[in-house]
Structure formats: structure tokens, C-alpha cells
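Each chain, written out:
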Amino acid sequence: MVTSSKKSERVPSAKSNRRVERSRQAVLTTAFELLSEGGVASFSVDEVVRRSGVAKTTIYRHWPTREALVIDACSRMIAEQETPDTGSLEGDVTAILMEIARLLPTANWSFVLPSIIDTAERNPEFAEIHSRIQRGHAAPLREVLQRAVGKGELSAHADVSTIVAALLGPLFYRRWFSREPIDNQFVKAIIKRVLASL
């Protein structure tokens, strides 16, 4: 009887945990959608409640402030990216930059990032999340460059941070400043010039 009682007590607990996790995911998904639409400045918990159907009290139980929810939703932008291994530095760099070029005009994080950068100028918590996002975007490039150093394709004294900036910078410039196309020809030209300089 004791075993049966304990077992019956665990089942509602498991169901409750699944329900809580579903609610959390619904809130985070809705929050990120709102950020994609209007950025950080226009984000409101009330709109998350309206769209997600999750009660405000439940939301504040998990995220005590609006900022905490925004930061948690923004952390979705730090998804791990696969690092290619084509057999050559140029092939690896090309695969990474082509994928970023494909995502920049359409991915939700691309619409959210400018408002995070703006908020990060005045808010240390957002500055930290912005740094984490940028490190995530640069991680595959850093990995292939370090691998190239290990294989002797790059000098052991190569400044990896500068190379990453030289490769990614032009893509970000076109996306948020000049608004020019980020096409294959442009990406290949950037790769050719940067690798030739090494």
C-alpha cells in the first residue's frame, strides 16, 4: 500500500512539471516573437500574457521582472552552430559565412539584435547578453581558425579576433548600415581578400 501511495503521488508531480515546462516554453516563444516584431523598447508582459494565454502571476513567478523575461528570451539567440570541416580553411570559412549571409536578412535574431545593442549601451545585463550572442556567432569561425593554426595553415601568431572581425564585419555592415545585398559574390570577395592578407 505504501508503494502504491508513493507512486500515485509522483504521477501528478510529473504532470505538473510537464505543464510548467510547456508554459515556460510558450512564454519564451511568445516573448521572442514580440521582440522580433518591435524590439526591446515596445516589449510588454501584458502582451505576452494576451498572446501566450499564460497568467501574469505565473510569468512573474518564473521571471520577477520584465527585463529578466526579455534577457531569457534573448538567450534563445545563442544557439549552438555546427562547425564545418571541409578539409581546408577557405572551405570552412566559406561554409560559415554563406550560412550567416543566408540568415542575416531573414532570421528573427537579426531583427532583434539592433534593439539589444541599443539597450546594452545603458544596461549592463543586456551588455552581457549581447556579448554572449556575439561570442556565439563568432565561435565557429574561431574554431576553424584555431584548427588552421594547428594544421599550419595559419601562423601561430595570427590574431584570431582581428580575422573574425574582418570576416564578419562587412556582413554586419551591409545588414544594418548600408543595406546593400549580402550576396554570394560579396561574401566570396570578402573571404578572398581576408585570406590573401594572411
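- Looking at an unreviewed UniProt entry, one finds the protein chain named TetR/AcrR family transcriptional regulator and attributed to Brevibacillus brevis.

**A short note on the overall build of the protein chain**
1) Next: Along its length, the protein chain carries nine helices and zero strands.
2) Next: The linear arrangement of helices and strands in the protein chain, starting from the amino end, is α-α-α-α-α-α-α-α-α.
3) Next: Summarising its shape, the C-alpha atoms of the protein chain cover approximately 70 × 45 × 30 Å along the three principal directions.
4) Next: For the protein chain, the residues scored as buried account for 37% of the 198 residues in total.
5) Next: Here the contacts in the protein chain between residues at least 6 apart in sequence split such that 65% fall between residues at least 24 apart.
6) Next: The centroid of the 27 positive side-chain charges in the protein chain is displaced by 7 Å from the centroid of its 23 negative side-chain charges.

**Things to note about the UniProt feature "DNA-binding region" (unreviewed entry) in the protein chain**
1) Next: UniProt records the feature "DNA-binding region" (unreviewed entry) for residues 44–63 in the present numbering.
2) Next: As annotated, residues 44–63 comprises 75% helix and 0% strand, and the C-alpha atoms at either end are separated by 13 Å.

**What about a positive patch on the surface?**
1) Next: A contiguous patch of positive charge on the surface is contributed by K15, R18, R19 and R22.
2) Next: Relative to the elements of secondary structure, R18 occurs in helix 1 (residues 2–38).

**Brief notes about the layout of surface pockets**
1) Next: A volume near 180 Å³ is recorded for the second largest pocket.
2) Next: Forming the boundary of the second largest pocket are Q134, R135, H137, A138, R142, S161, V164, A165, L168, G169 and F172.
3) Next: Elements with a contribution of two residues or more to the lining of the second largest pocket: helix 7 (124–151) and helix 8 (160–178).
4) Next: If one sorts the elements of the lining of the second largest pocket by residue count, helix 8 sits on top with six residues.

**Focus on the packing of helix 5 (residues 89–103) against helix 8**
1) Next: Relative orientation of the contacting elements helix 5 and helix 8 amounts to 20°, with a least axis distance of 11 Å. Accordingly, the angle class assigned to the pair helix 5 and helix 8 is roughly parallel. Both helix 5 and helix 8 take part in a crossing whose hand is right-handed. Here V93, L97, I100 and A101 of helix 5 come into contact with helix 8, specifically with L167, L168, L171 and F172.
2) Next: Here the contact of helix 5 with helix 8 is composed, by residue class, of eight nonpolar, no polar and no charged.

**Focus: the environment of L171**
1) Next: Mapped onto the elements of the fold, L171 is located in helix 8.
2) Next: Owing to a relative accessible area of 0%, L171 belongs among the buried residues under this scheme.
3) Next: On a C-alpha basis, the gap between L171 and I190 in space is 8.9 Å, while along the polypeptide they are 19 residues apart.
4) Next: Not counting the four nearest positions on each side in its chain, L171 is found in contact with L97, I100, A101, L104, I182 and F186.

Rules and cut-offs
- Residues numbered from 1 in each chain as written.
- Predicted model: local features only at pLDDT ≥ 70, side-chain atom pairs only at ≥ 80, totals over all residues.
- Heavy atoms only, no water.
- Helix = DSSP H or I, 4+ residues; strand = E, 2+ residues; numbered from the N terminus.
- Buried < 20%, exposed > 50% of the residue type's maximum accessible area, 1.4 Å probe, protein only.
- Contact = heavy atoms within 4.5 Å.
- Lys, Arg positive; Asp, Glu negative; His and termini not counted.
- Charge placed at Lys NZ, Arg CZ, Asp CG, Glu CD.
- UniProt positions renumbered as here; feature names shortened; annotations may be inferred.
- Patch = residues over 30% accessible without salt bridge, like charges linked within 9 Å, V, L, I, M, F, W, Y side chains within 5 Å.
- Areas by Shrake-Rupley, 256 points an atom, 1.4 Å probe, with all protein chains shown as cover.
- Salt bridge = Lys/Arg side-chain N within 4 Å of Asp/Glu carboxyl O.
- 1 Å grid on protein atoms, 1.4 Å probe; cavity = no way out; pocket = protein on both sides within 12 Å on 5 of 7 lines; lining within 4 Å.
- Points joined across faces, edges and corners; volume = space filled by probe spheres on them.
- Axes fitted to C-alpha atoms, helices over the stretch in contact; angles between N-to-C directions.
- Parallel < 35°, antiparallel > 145°, perpendicular 65-115°, else oblique.
- Left-handed = near helix turned anticlockwise from the far one by under 90°.
- Nonpolar A, V, L, I, M, F, W, Y, C, P; charged D, E, K, R; others polar.

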